Amino acid sequence: KLRENEAATRKSIEENMCKVEKERLASLEKSHMEYEKLEARLQKSLLEVETKERHLKDVEANHQNERKRKLAELELREKLMKEEMKHIIEIEAAKTKAAMNQALAAEKAAAAAEKKVQKIETE
């Protein structure tokens, strides 16, 4: 009977050990699957972040280039407008000078005519 009890106890222990080992393996497999799932999610998230980062850098570079282009365009317009204004001022100054010379010539002519008229009247 003792041997039977011992054998039954051994069998019970072995069955229990097998059961515990199966549960441990199942738990390990479940943990491994969860780890792989989490790793896949992490890789996907990392890829998304890297993609968004590249996109943002591209957008920022495009924005910077557009800003530089517009600034250069505005500076060119400013330069052209200054040159045009300078030219207009030069033309107006020349017109003013010509008008003043013409007025001076007219005054001299009027003074000369006045002298002639007085000379003729005195004769």
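Above: the structure in question.
Predicted, not measured: the structure shown is a model, and the values here were computed from it.

Caption draft 1: View of the overall build of the chain. Regarding its fold elements, the chain presents one helix and zero strands. The C-alpha atoms of the chain give a radius of gyration of 52 Å, which is well past the 14 Å a tight globule of 123 residues would have. Across its three principal axes, the chain shows a C-alpha extent of roughly 180 × 15 × 10 Å. Of the roughly 12200 Å² that the chain leaves accessible, carbon and sulfur atoms contribute 59%. Placing the 28 positive and 27 negative side-chain charges of the chain at their respective mean positions leaves the two points 1 Å apart.

Caption draft 2: Representation of the pattern of salt bridges in the model. Across all of its chains, the model carries eight salt bridges by this definition. Glutamate 53 serves as the salt-bridge partner of lysine 57, at 3.8 Å between the closest nitrogen and oxygen. Of the two residues, lysine 57 and glutamate 53 are both situated in helix H1 (residues 2-122); the distance of four residues between them amounts to about one turn of the helix. Accessibility expressed as a relative area gives 52% for lysine 57, which makes it exposed. Assessed through its relative accessible area of 41%, glutamate 53 is described here as partly exposed. The salt bridge involving lysine 95 is made with glutamate 92; its shortest N-O contact spans 3.6 Å. You can see lysine 95 and its partner glutamate 92 sitting in helix H1, three residues apart, about one turn around the helix. Within this structure, Glu66, Arg69, Glu73 and Arg77 form a network of salt bridges that share partners.

Caption draft 3: Spotlight on the environment of glutamate 75. Among the secondary structure elements, glutamate 75 is positioned in helix H1. For glutamate 75 and leucine 28, which are 47 residues apart along the polypeptide, the C-alpha to C-alpha distance reads 69 Å.

Calculation rules
Residues numbered from 1 in each chain as written. Predicted model: local features only at pLDDT ≥ 70, side-chain atom pairs only at ≥ 80, totals over all residues. Heavy atoms only, no water. Helix = DSSP H or I, 4+ residues; strand = E, 2+ residues; numbered from the N terminus. Rg over C-alpha atoms; globule rule 2.2 N^0.38 Å. Areas by Shrake-Rupley, 256 points an atom, 1.4 Å probe, with all protein chains shown as cover. Lys, Arg positive; Asp, Glu negative; His and termini not counted. Charge placed at Lys NZ, Arg CZ, Asp CG, Glu CD. Salt bridge = Lys/Arg side-chain N within 4 Å of Asp/Glu carboxyl O. Buried < 20%, exposed > 50% of the residue type's maximum accessible area, 1.4 Å probe, protein only.

None of this, on its own, says anything about what the molecule does.
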